[in-house]
Structure formats: C-alpha cells, structure tokens
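Working through the structure, step by step
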Amino acid sequence: MARVEHLSAARLRVGLDAAFALVAGRFRRPEVRQRARACIEGMLSGLERKNGWSLAEYAGETTPDGMQRLFNAAKWDVDGVRDDIRAYLIEHLGEADGVLVGDDTGFAKQGGCSAGVQRQYTGTLGKIANCQIGVFLGYASNHGRALLDRELYLPRDSWIASPERCAAAQIPEHVGFATKPQLLQAMIERAIAAGVPFGWVTADEAYGDNGPLRRSLEDHQISYVLAVSRSHQITTGAGKVRADVMAGKVPKTGWQRLSCGQGAKGERRYDLALIATDSPTHHLMIRRSLSNPSDLAFYLCHTSRPVPLQRLVRVAGARWTIEECFQTGKNEAAFDHYQVRLYPAWYRYITLAMLALAFLTVTRTTALDPEPASPTGMGVGQLITISANEIRRLFALLTRPPINEDHILRWSHWRRRSKDR
C-alpha cells in the first residue's frame, strides 16, 4: 500500500512527464505539443469545469483560441496517441489472463450540433435524453483496470442518413453506420492486432445478444462470458429453451454460492448455476441474487476447454470494472466536461482525457508497493489503498500554478466581454 507522503509534487510531475513523453512525437509542432501537455495537466487540476476556456486560462494563455485549435484544427495523430496510451497501460497492467471489457456511456448535451447527438437511451442517466454515446474498450487484470480504446456512436437515421449534417460536424465521408457491437468488435480487433495480452472478453447483454459479435469472437478462438437477455435461447438435448425457463429447471443442489469479486460494499456473493448446451464449448451461466431469488442474470460462456465455474464468475464480475473507469474518468479526468461539437474534436478531447486517466491508473498501480511503518506510528495497515481520486487531488494541490492576480482579472474581463457579445 502506498504512503501518501511518497507521492510528492516532483514524483507526480515526473510521472506525467514520462507518460506524455510516450505520445509527444505524435504532435508535429512544439507549441501544439506544449499545449497538449498543459491540457492534460488542466484536466487533472482542481478546476470546477474543464473546457476550452478554463483549460486555456489554467495553462496561462490569454485567450481560448489555441486550446480550441488543439481540439479542432491542429495537426496531430490522435489514433497514434491512442495506440501509445494502450501500450503504456499494457506495460503496467498487462497479463495473459486479462479481460477485455466492452460497454458504452452517455454524455448529456444541449442542442443538436454535436456529432452523434440525439434523444436516445443512456444507462448513464437511466433514461432517454439528448446525448452522445461513446463505446469504449476496457481492460481488467490483477494489476488494475483502464480504458484502451473509444469510438463515437453515430445514429443511422438522424446522422448517417443526413450527409449535410455529417459534413457540418466534419464526419468523414467514408464513415458509415456501425452498431455499437460493431464498434466494439472493431476495437477488439485492434487490440488483437496490437498484441494486447488477454484471455477473455465480457460485456453486457446489449453486446451479448448480438450474434455477429459472438461469432467473430469464436472465429478468433476468444473465450467470452457475455451477459444475455432472459429471452435468449440455448439449444439443449431437448431442443431450444429460453434462458429464464432453464433457470426454473435447476435443482437446489445445482446452485453454488460464489463471489464475483470485491464491490463497493464488500464481496459480491451470488448463487450460480452452469447449464450445459448441445455444444461442448458453450454453457449458460445463471446468477441469482441472495436477497431476491427472483432477480436473475444470464451469461453465455464460450471456452475451448473446460473452465472452473469460479473463473467464469470472476470474468463476469470484471464487467463492472469499466463502470468504475467511466466514473473515475468523469470525476477525475474530465471525460464529460467537453464543449466540442465536431467529430474529430470529440476523439481528440476524449483521447487526451484517456491519457490523463491512464496516468492516474499507472501512478496508482506503481504506488501500491508495500512500505514499512512510518515513525509516527501511522503504519501501512492503518491506511486504505490510495485511490485515483486521492492521486488526482494530490496532483491538483501539489502542482497548481502560483496565483497571478493580473492573469485572473484579465480572464474575468475576457469572459464578461465574450458573454456580452
């Protein structure tokens, strides 16, 4: 466990410098490179909102023009930065039995100009709202969890079918409609091509119910534990049967009480059952709540060889790690603070925010080495594991720029003039 006093301002700055050095070559001009570095530092700062205006002010610039160019027009290789972030994370988190986790999250927006925005359901808000949807590929291992890749979902009818609207948002002509499972499949294929070490894929039922995605994973001989709907049908010796019907056929002795891993309130324990199908490589796993036996969840499992039920349960439990990444990304790395509207700008902002989140993740991972008890008696056993939130807070407090009253007042005047215009 980390002792907080070892995360000094110097160590935090050196860590961010090392992370940014990995991507620095993706920025052609030195001023763009310096601005990107300042942008990431601003994303990790204590600013209340982190958009082009506030990030520029924090970076010491006199207007937001340069920061807005960074997102909209400056020349830099955004996909190259994504690849470098992935390599950085895998260096510190990678293991052969890692889990790729797919999911999407919503970004609430006003108006109709932001690329991909429309009224659509988002689990983030739990309702239909005017929002953008980003599909992400996460990674979970014994060393930590992180986000490796991202894609912006573009609805067919309201966007892809409207070339004029796409052109206004700078969506390239070659970008066609892709479902969320297709976007996830593309990111998984990129991870495979990049040599990301993993043994499993997991996702919720919006992806597990998608046959083409499952067949793609099977073609690549990838093991998966994918949530499916209660109406999903499996084929047994008695024919096709709905998943929820199979749950009613499990005898009392067919359930095992196991843990899906640690949650916010301790061990997540459930009753589990594994059902054979007519395929030796496919099984249906059923999860039953201890407090409410009618609360069931269903998972289709594919493995090329027999695997203990406990391992399948742990893979299913890894799906929640991406929710933690979304929460940390939005709370600590400004994932949802952006005010950009253009399609390329969304990728640029989100990718830089992913680097800020990756820095927090790797700092936390490398800070967890055991330390001896301190002379004050506040030993390691009396501290909880340091969180990304605490690391971000320390970074914001220890590395914030000195107060410059003239600079602050100039920005106050600039904002007031801009709002008056």
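Analysis parameters
Residues numbered from 1 in each chain as written. Predicted model: local features only at pLDDT ≥ 70, side-chain atom pairs only at ≥ 80, totals over all residues. Heavy atoms only, no water. Helix = DSSP H or I, 4+ residues; strand = E, 2+ residues; numbered from the N terminus. Rg over C-alpha atoms; globule rule 2.2 N^0.38 Å. Buried < 20%, exposed > 50% of the residue type's maximum accessible area, 1.4 Å probe, protein only. Contact = heavy atoms within 4.5 Å. Areas by Shrake-Rupley, 256 points an atom, 1.4 Å probe, with all protein chains shown as cover. Axes fitted to C-alpha atoms, helices over the stretch in contact; angles between N-to-C directions. Parallel < 35°, antiparallel > 145°, perpendicular 65-115°, else oblique. Left-handed = near helix turned anticlockwise from the far one by under 90°. Nonpolar A, V, L, I, M, F, W, Y, C, P; charged D, E, K, R; others polar. pLDDT = per-residue confidence, 0-100. Salt bridge = Lys/Arg side-chain N within 4 Å of Asp/Glu carboxyl O. Pairing = 2+ DSSP bridges. Expected span 1.5 Å × (residues − 1).

Re the overall build of the protein chain
Each helix and strand in the protein chain was counted, giving 16 helices and 12 strands. Compactness check: the protein chain gives a C-alpha radius of gyration of 23 Å against a globular reference of 22 Å for 421 residues, within 12% of the reference. With the C-alpha coordinates aligned to their principal axes, the bounding extent of the protein chain is approximately 75 × 65 × 40 Å. For the protein chain, with 421 residues in total, the buried portion stands at 52%. Contacts in the protein chain between residues far apart in sequence, at least 24 positions, make up 67% of those at least 6 positions apart. Of the roughly 20100 Å² of accessible surface on the protein chain, 50% is carried by carbon and sulfur atoms.

Looking at the packing of helix α1 (residues 9–21) against helix α14 (residues 343–366)
Relative orientation of the contacting elements α1 and α14 amounts to 125 degrees, with a least axis distance of 10 Å. One way to sum up the angle between α1 and α14 is to call them oblique. Relative to α14, the crossing made by α1 is right-handed. Mapping the contact onto sequence places R11, L12, G15, L16, A19 and F20 in α1 and L355, F359, T363 and T366 in α14. Tallied by class, residues from the contact of α1 with α14 come to six nonpolar, three polar and one charged.

Overview of the confidence of the model for the protein chain
Taken as a whole, the protein chain shows an average pLDDT of 91; of its residues, 94% reach a score of 70 or greater. Contacts of residues 1–5 to residues separated by more than four positions or lying in other chains number 22 contacts, the stretch itself having pLDDT below 50. Low pLDDT, under 50, characterises residues 370–380; the stretch is placed with 15 contacts to residues that sit more than four places away or in other chains.

Some points on the packing of helix α2 (residues 30–43) against helix α4 (residues 65–72)
Close contact between α2 and α4 brings their axes to 10 Å; oriented N to C, the two are set at 95 degrees. Regarding the angle of α2 to α4, the classification is roughly perpendicular. Where α2 approaches α4, its residues V32, R35, A36 and C39 are matched on the opposing element by G66, M67, R69, L70 and F71.

A few points about the environment of P308
The topology assignment puts P308 in the loop between β12 (296–302) and α12 (309–317). The spacing of P308 and G211 is 97 residues in sequence and 25 Å in space, taken between C-alpha atoms.

Concerning the pattern of salt bridges
Evaluation of the coordinates by the stated rule reveals 23 salt bridges. Its salt-bridge partner being D79, residue R150 comes within 3.1 Å of it at the nearest N-O pair. Taken together, the residues R150 in strand β4 (residues 144–152) and D79 in helix α5 (residues 78–93) connect sequence positions 71 residues apart. Overall, the relative accessible area of 0% leaves R150 in the buried class. A relative accessible area of 35% means that D79 is categorised as partly exposed. Among the salt bridges present, the one from E151 reaches R190, with a minimum N-O distance of 2.8 Å.

Topic: unusual backbone geometry
For Q170, which is not glycine, the phi torsion reads 60 degrees and is therefore positive. The residue Q170 is located in the loop between α7 (163–168) and α8 (180–193) in this model. Positioned with a positive phi, Q221 is a non-glycine residue whose angle comes to about 55 degrees. In this structure, Q221 sits in the loop between α10 (211–219) and β6 (223–228).

Some points on the pairing of strand β5 (residues 200–203)
The side-chain alternation of β5 yields two buried faces, one formed by W200 and T202 and the other by V201 and A203. Alignment of strand β1 (residues 99–108) against β5, held across four bridges, turns out to be parallel. Paired with V99 across the two strands is W200, which belongs to β5. Bridge count for β5 against β6 is four bridges, and the pairing is parallel. Opposite V201, over in β6, you have Y224 as the bridge partner.

Describing α2
Over its 14 residues, α2 extends 20 Å from the first C-alpha to the last, a length consistent with the 20 Å expected when each residue adds 1.5 Å. Across the 14 residues that make up α2, a large majority, 10, are buried. Taken as a whole, α2 has its buried residues at V32, R35, A36, R37, A38, C39, I40, E41, G42 and M43. Packed against the buried residues of α2 are α1, α3 (52–58), α4, α13 (320–332), α14 and α15 (388–399).

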